[in-house]
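Notes for the structure review
Here is what each chain is made of, one letter per residue.
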Amino acid sequence: MKVQHWGFAWGLLALCCTGVASAQGVLERITAGGKLVIAHRESSVPFSYIDSASGKPVGYAVDLCLRLAEVVRKKTGKKDMEVEFVAVTPANRITMIEQGKADMECGSTTNNAERRQKVAFTIPHFITGARLLVKTASPIDRVEDLNGKKLVSTKGTTPLKAADQANRERLMGITIVEAPDHAKAVEMVEKGEADAFVMDDVLLYGLAAGRPDPKALKVVGRFMTTEPLAIMLPKNDPEFKKLIDEEMRRLITSRDIYPIYDKWFNKPIPPSNTVLNLPVSYLLRDFWKYPTDQVPF
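Chains are numbered independently. Their residues run from 1 in the order of the written sequence. Local features in this predicted model are restricted to residues of pLDDT 70 or higher, and side-chain atom pairs are both shown and tallied only at a pLDDT of 80 or more, whereas totals for entire chains, interfaces and linings draw on every residue. Calculated side-chain values reflect all of the structure's heavy atoms, with hydrogen atoms and water omitted.

Should a side-chain nitrogen of Lys or Arg be within 4 Å of a carboxyl oxygen of Asp or Glu, the pair is scored as a salt bridge. If you walk through the whole model with that rule in mind, you get 20 salt bridges. Notably, a salt bridge pairs arginine 170 with glutamate 144, separated by 2.7 Å at the nearest N-O pair. Here arginine 170, found in the loop between helix H5 (158-169) and strand E11 (175-179), pairs with glutamate 144, found in the loop between strand E9 (130-135) and strand E10 (150-154); they are 26 residues apart in sequence, far enough to count as distant. Bridged by salt links that share partners, the residues Arg67, Glu247, Arg250 and Asp256 form one connected network. In this text, helices come from DSSP runs of H or I with a minimum length of four residues, and strands from runs of E with a minimum of two, each type numbered from the N-terminal end.

So, on to the sheet that holds E10. DSSP bridges decide pairing: two strands pair if at least two such bridges lie between them. Spatially, E11-E10-E12-E9-E13 is the arrangement adopted by the five strands of the open sheet, whose pairing is mixed. Across the chains shown, the open sheet's two edge strands, defined by having one partner strand only, are E11 and strand E13 (217-220). On average, each strand axis in the sheet is inclined to that of its neighbour by 30°, with strand direction left out of account. Strands E9, E10, E11 and strand E12 (196-200) of the sheet are contacted by H5, whose axis makes an angle of about 165° with E11. Lines fitted to C-alpha atoms define the axes here, with helix axes fitted over just the stretch in contact, and angles between the N-to-C directions of these axes take values from 0 to 180 degrees. Here, two residues are considered to be in contact whenever any of their heavy atoms come within 4.5 Å of each other.

All right, on to unusual backbone geometry then. Across residues other than glycine, the phi torsion is negative in most instances, and most of the peptide bonds are trans. Between valine 45 and the following residue, proline 46, the backbone shows a cis peptide bond with an omega angle of 0°. Tracing the sequence through the fold places proline 46 in the loop between strand E2 (43-44) and strand E3 (48-50). Between proline 270 and proline 271 the backbone carries a cis peptide bond, its omega angle lying at 5°. Here proline 271 shows up in the loop between helix H9 (257-265) and helix H10 (282-287). Positive phi values are uncommon outside glycine, yet arginine 255 reaches one of about 70°. Tracing the chain through its elements places arginine 255 in the loop between helix H8 (238-253) and H9. Arginine 255 gets classed as partly exposed once you look at its relative accessible area, which sits at 48%. The classification of residues rests on relative accessible area computed with a 1.4 Å probe and restricted to protein chains. Under 20% of the type maximum is buried, over 50% is exposed, and intermediate values are partly exposed.

With five of six residues buried, E9 lies mostly within the body of the structure. Sheet analysis places E9 next to E12, joined by four bridges and oriented antiparallel. Of the residues in E12, the one forming a bridge with arginine 131 is methionine 199. Here four bridges tie E9 to E13, and the two strands are oriented antiparallel to one another. Bridge assignment links leucine 133 to a residue of E13, and that residue is valine 219.

Looking now at the side chain of arginine 73. Mapped onto the fold, arginine 73 is located in helix H3 (residues 60-76). Not counting residues up to four positions away in its chain, the partners in contact with arginine 73 are Lys78, Lys79, Met81 and Val83.

Among all positions of helix H6 (residues 182-190), only His182, Ala185, Val186, Met188 and Val189 are buried. In a view along the axis of H6, the buried residues occupy a sector of 155°, so they form one face of it. Within 3.5 Å is the distance limit for a polar contact, defined as a pair of N or O atoms, with the added protein rule that one can donate a hydrogen and the other accept it, and that residues adjacent in sequence qualify only through two side-chain atoms. N-capping of H6 is provided by aspartate 181, with a side-chain oxygen placed 3.3 Å from the backbone N of alanine 183. At the C-terminal side of H6, glycine 192 shows a positive phi close to 80°. Within this analysis, the arc is defined by the directions that extend from the helix axis to the C-beta atoms.

On to the sheet that holds strand E4 (residues 57-58), then. Pairing in this open sheet of three strands is antiparallel, and the strands run E2-E3-E4 from one edge to the other. Looking at which strands have only one partner, the edges of the open sheet turn out to be E2 and E4. The sheet contact formed by E2 and E3 spans two bridges and is antiparallel. The residue bridging serine 44 from the neighbouring strand is serine 48, located in E3.

Now for the side chain of aspartate 63. Along the polypeptide, aspartate 63 turns up in helix H3. Take aspartate 63: its relative accessible area is 17%, and that puts it in the buried class.

Just geometry here; none of it tells us what the structure is for.
Dropping the structure here:
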């Protein structure tokens, strides 16, 4: 009985190993004629959003992903490689990469330890932190001012989790609500349905700039979190990740990334040709001196 038992167990193990070994990587699939699938966001200005004039995804992260797509095209030798864009939300973006429905997520996703259990990340293209978006006339200046008030954040984001944790641990008495996307959260603040919106400050600046009356909103408060934003990749595809990491490192060390950054943060961007006026922060500049996918979070 014992011999039969162990024989059966080894047979199962062999089947499992065979399944893992036969899993097709991104580069292998494209070499065989497949397409590269890029996940994008619809309202993560200026990283990844839909340009209302063209109806196409644009942004800083989208431009970077298109540069990375060229490297994939060269590596595989597939000059006719098709690139497909698929829209994702904060709630489903990790699942889309984890399940192989997209090869790269080009948006404003934070690289942290919890997410690295399911997916991989390349070198960060931005470092930011969560702050508050409120009406310009609001007396709220920091998270402590929200006692007894309503705070909104986007479902599936790290700022939402940080705000919820602070609220529970510090007994702040804040009512926290979830919005399906960033655009809805801003709208709730404008309509008075929420007193503040907590999110990465660079996204708040971009979202406010794109509203009908940008001056009616302001970003306030200290950083509640530190958010290294990076392009998300499949977890168990080392060959693909190595190629992407090498190109991201080359873009940074050659300074080719700086004109791409300036295009989206220091020049007029669609659809309303607003300028965010956000130079490269000292934190990001220092991180890019020794670019790595390893982040201490």
